[in-house]
Amino acid sequence: MINPNQTIGFITGGQLGQMMIQSFLPFRQNEKIFVLDGNENCSCAPYANEVFTGSSKDFSTVLEFGKKCDTLILEFEHVNIEALEALEKLGKKVFCQSKYIKIIQNKGLQKQFYTENNIPTASYTTIKNKEDFIQKAQNNTIKFPVMQKTFLDGYDGGGVTKINTIADIETKAFNTASILEECVHITREFSLICGRDQHGNEFQYPLIEQFFHEKTNIVDCITSHCEIDSNTQSQVKTITHAILSSFTGAGLWAIELFLDTNRMVLVNEIAPRVHNSGHQTIEGNYCSQFEQYMRIALGYTVGNTEEIKPSITVNLLGAEKHFGKVRYEGIEEVMKLKNVSVHLYGKSETKPHRKMGHITVQHNTLKECWNTIKTIKQRVKVYAL
Ligand code: ADP
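In this report, we go over the structure that sits alongside the text. (Residues numbered from 1 in each chain as written. Predicted model: local features only at pLDDT ≥ 70, side-chain atom pairs only at ≥ 80, totals over all residues. Heavy atoms only, no water.)

What to know about the environment of His-343
Point 1. One can find His-343 in strand 18 (residues 340–344).
Point 2. Sequence separation between His-343 and Glu-306 is 37 residues, and the spatial gap between their C-alpha atoms is 22 Å.
Point 3. Ignoring anything within four residues of it in the chain, the contact list for His-343 reads Ile-282, Glu-283, Gly-357 and His-358.
Point 4. There is a polar contact of 2.8 Å between the side chain of His-343 and the side chain of Glu-283. (Helix = DSSP H or I, 4+ residues; strand = E, 2+ residues; numbered from the N terminus. Contact = heavy atoms within 4.5 Å. Polar contact = N/O pair within 3.5 Å; in protein donor to acceptor, adjacent residues only side chain to side chain.)

Regarding the nonpolar core
Point 1. If you look at the biggest cluster of nonpolar residues, it comprises 77 residues, and the most contacted ones within it are Phe-10, Trp-253, Ile-255, Leu-257 and Ile-270.
Point 2. Excluding anything up to four places from it in sequence, Phe-10 contacts Gly-17, Met-20, Ile-21, Ile-33, Phe-34, Val-35, Leu-36, Phe-65, Ile-73 and Met-294.
Point 3. One finds Val-314, Leu-316, Ile-373 and Val-382 within the second-largest nonpolar core, a separate group that totals 17 residues. (Core = buried A, V, L, I, M, F, W, Y, C linked by side-chain atoms within 4.5 Å. Buried < 20%, exposed > 50% of the residue type's maximum accessible area, 1.4 Å probe, protein only.)

Here's the deal with the packing of helix 2 (residues 59–67) against helix 3 (residues 81–89)
Point 1. Two numbers describe how helix 2 lies on helix 3: the axes approach to 8 Å, and their chain directions differ by 30°. Accordingly, the angle class assigned to the pair helix 2 and helix 3 is roughly parallel. Where helix 2 crosses over helix 3, the handedness of that crossing is right-handed. Taken together, the residues of helix 3 that come into contact with helix 2 (itself represented by Phe-59, Val-62, Leu-63, Gly-66 and Lys-67) are Glu-82, Ala-83, Leu-84, Ala-86 and Leu-87.
Point 2. Of the residues assigned to the contact of helix 2 with helix 3, the class counts are 7 nonpolar, 1 polar and 2 charged. (Axes fitted to C-alpha atoms, helices over the stretch in contact; angles between N-to-C directions. Parallel < 35°, antiparallel > 145°, perpendicular 65-115°, else oblique. Left-handed = near helix turned anticlockwise from the far one by under 90°. Nonpolar A, V, L, I, M, F, W, Y, C, P; charged D, E, K, R; others polar.)

Rendered as structure tokens:
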């Protein structure tokens with residue numbers, strides 16, 4: 001099954017692809033690495049045999065790129081689906097498979113999928129556009145506040161907005177097909193990373209807890225495990241089982257979960273790939289999520305997901321009002337601290353909230369990790385020159 005002389009194509013070439021390649025280097029044989037990205041200096045570029053510039057949304061760009069490769073690895077789900085289907089018909093291996101990407105790239109289909117498979121999720125309705133939204137609100141069929149999430153192209157909090165009243169629709173709503181989701185009273189947010197290799201072996205990582213930036217809603221910190229009561233544990237177990245029995249093929253799924261004030265666990269969304277919530281697995285777990293995905297895609301058996309030590313990751317985001325060539329402050333200083341691993345993604349330009357890197361801390365307890373994280377957050381800044 002393993003072909004050491006194959007060409008692996010990454011669509012696209014951002015930091016997730018970069019960390020997958022880095023995890024693959026120790027067991028790379030003669031494989032070639034090709035990358036398709038809009039930017040020839042993308043994060044994967046230094047590792048690639050060739051970088052092809054073009055849009056991952058364009059049918060012929062993806063098709064022509066894919067024809068040059070044997071295995072395609074997506075680090076981003078907003079890729080031209082027809083091209084992926086055509087490539088699978090040509091015998092190319094695509095991770096994640098197009099039938100799953102199709103569901104996941106559209107939030108409307110994703111919600112429908114949860115309902116059909118008895119996977120608990122926040123209740124919702126759909127709208128075609130702003131006019132439809134206003135009409136439904138005037139007919140009193142919508143209970144405010146609601147979270148509007150566009151069907152397509154939403155990620156990192158983009159394409160998501162909270163609408164509090166009818167008056168808000170005019171000024172804040174997106175004028176496109178969307179779901180309107182009830183506003184969940186969230187107490188905690190988790191991420192469950194699980195999946196299956198091509199031999200049918202299943203795996204899951206310890207349940208991860210995510211902490212978000214209040215203002216931007218982007219993940220700020222992630223802990224390698226978390227304390228949850230037995231009721232929550234059993235709900236998570238049921239959800240894991242439901243996901244793995246609905247997605248029957250090989251793949252890695254990162255499932256974002258909410259715990260609400262009624263202690264119900266709800267699925268927010270699924271990413272069919274390595275995820276921002278699993279960076280701490282690089283140092284914190286025997287087999288990182290990145291190595292795991294490479295193992296799955298290339299036909300190896302999955303690795304050990306257990307924690308080596310408790311770890312916490314903090315994301316390094318571009319500071320407010322800073323645009324242009326990046327300048328990191330405080331990196332040298334925090335590298336003097338014990339058990340601190342710095343990852344910079346090689347992006348030359350920063351802008352507010354852009355994910356520029358992350359830092360992982362490992363200690364004997366999460367409490368000790370939090371203390372170091374606090375220092376890092378005070379010292380490290382991502383500014384423009
Ligand atoms: P994206 O696909 O851009 O990551 P998400 O659907 O994950 O968007 O939403 C981003 C964040 O917004 C979530 O992590 C959560 O904090 C908040 N959020 C999303 N949906 C809801 C909801 N139904 N109720 C309350 N908060 C929500």
